[in-house]
Amino acid sequence: MAARSGVKDPQGIRLIVRVTREDMANMVGTTTETAIRIMSRFKREHLVAGTANRLLIRNLNRLKALAAS
């Protein structure tokens, strides 16, 4: 999504499309509750910031590494 719908921001990559936690859950095949827990963890670890309207990816490389593991 960052490559297709992201724009460079001084703090990372900002998604220009609105993505709800339900949307994210559907994309990866999990429950909305699990998506909420994962996004909360990502926010605590400063990997992402913002809300569905203004989601900011702060550390794309670390997110990619987590996805690959």
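One can find the structure itself at the top, above this paragraph.
Here we summarise the structure given alongside this text. Nothing here was measured: the structure is a model prediction, and the numbers come from that model. (Residues numbered from 1 in each chain as written. Predicted model: local features only at pLDDT ≥ 70, side-chain atom pairs only at ≥ 80, totals over all residues. Heavy atoms only, no water.)

Digging into the overall build of the protein
Next, step 1: Summing up its helical and strand segments, the protein has 4 helices and 4 strands in all.
Next, step 2: Listing the helices and strands of the protein from first to last along the sequence gives α-β-β-α-α-β-β-α.
Next, step 3: In terms of C-alpha radius of gyration, the protein reaches 11 Å, essentially the compact-globule figure of 11 Å for 69 residues.
Next, step 4: Its C-alpha atoms put the protein at 30 × 25 × 20 Å along the principal axes.
Next, step 5: When burial is assessed residue by residue, the protein has 29% of its 69 residues classed as buried.
Next, step 6: The contacts of the protein with a sequence gap of at least 6 include a subset with a gap of at least 24, amounting to 35%. (Helix = DSSP H or I, 4+ residues; strand = E, 2+ residues; numbered from the N terminus. Rg over C-alpha atoms; globule rule 2.2 N^0.38 Å. Buried < 20%, exposed > 50% of the residue type's maximum accessible area, 1.4 Å probe, protein only. Contact = heavy atoms within 4.5 Å.)

Some points on the nonpolar core
Next, step 1: The biggest cluster of nonpolar side chains holds 12 residues, and these are Ala2, Ile13, Leu15, Val19, Met24, Met39, Phe42, Leu47, Val48, Leu55, Ile57 and Leu63.
Next, step 2: Elements represented by at least two residues in this core include exactly strand 2 (12-15) and helix 3 (32-44).
Next, step 3: What valine 19 contacts, discounting residues up to four positions off in sequence, is Met1, Met24, Met27 and Ala52. (Core = buried A, V, L, I, M, F, W, Y, C linked by side-chain atoms within 4.5 Å.)

Here we look at the pairing of strand 1 (residues 6-9)
Next, step 1: The pairing of strand 1 with strand 2 spans 4 bridges and is antiparallel. Residue pairing in the sheet places aspartate 9 in a bridge with glycine 12 of strand 2. (Pairing = 2+ DSSP bridges.)

Thoughts on unusual backbone geometry
Next, step 1: A positive phi angle, close to 60 degrees, is found at histidine 46, a residue other than glycine.
Next, step 2: Position of histidine 46 relative to the elements: it lies in the loop between helix 3 and strand 3 (48-49).
Next, step 3: Under the relative-accessibility criterion, histidine 46 is labelled exposed at 53%.

Description of the sheet that holds strand 3
Next, step 1: Strand order in the open sheet formed by 4 strands is 1-2-4-3, and the pairing between neighbours is antiparallel. Edge strands, defined here as strands with exactly one partner in the open sheet, are strand 1 and strand 3.

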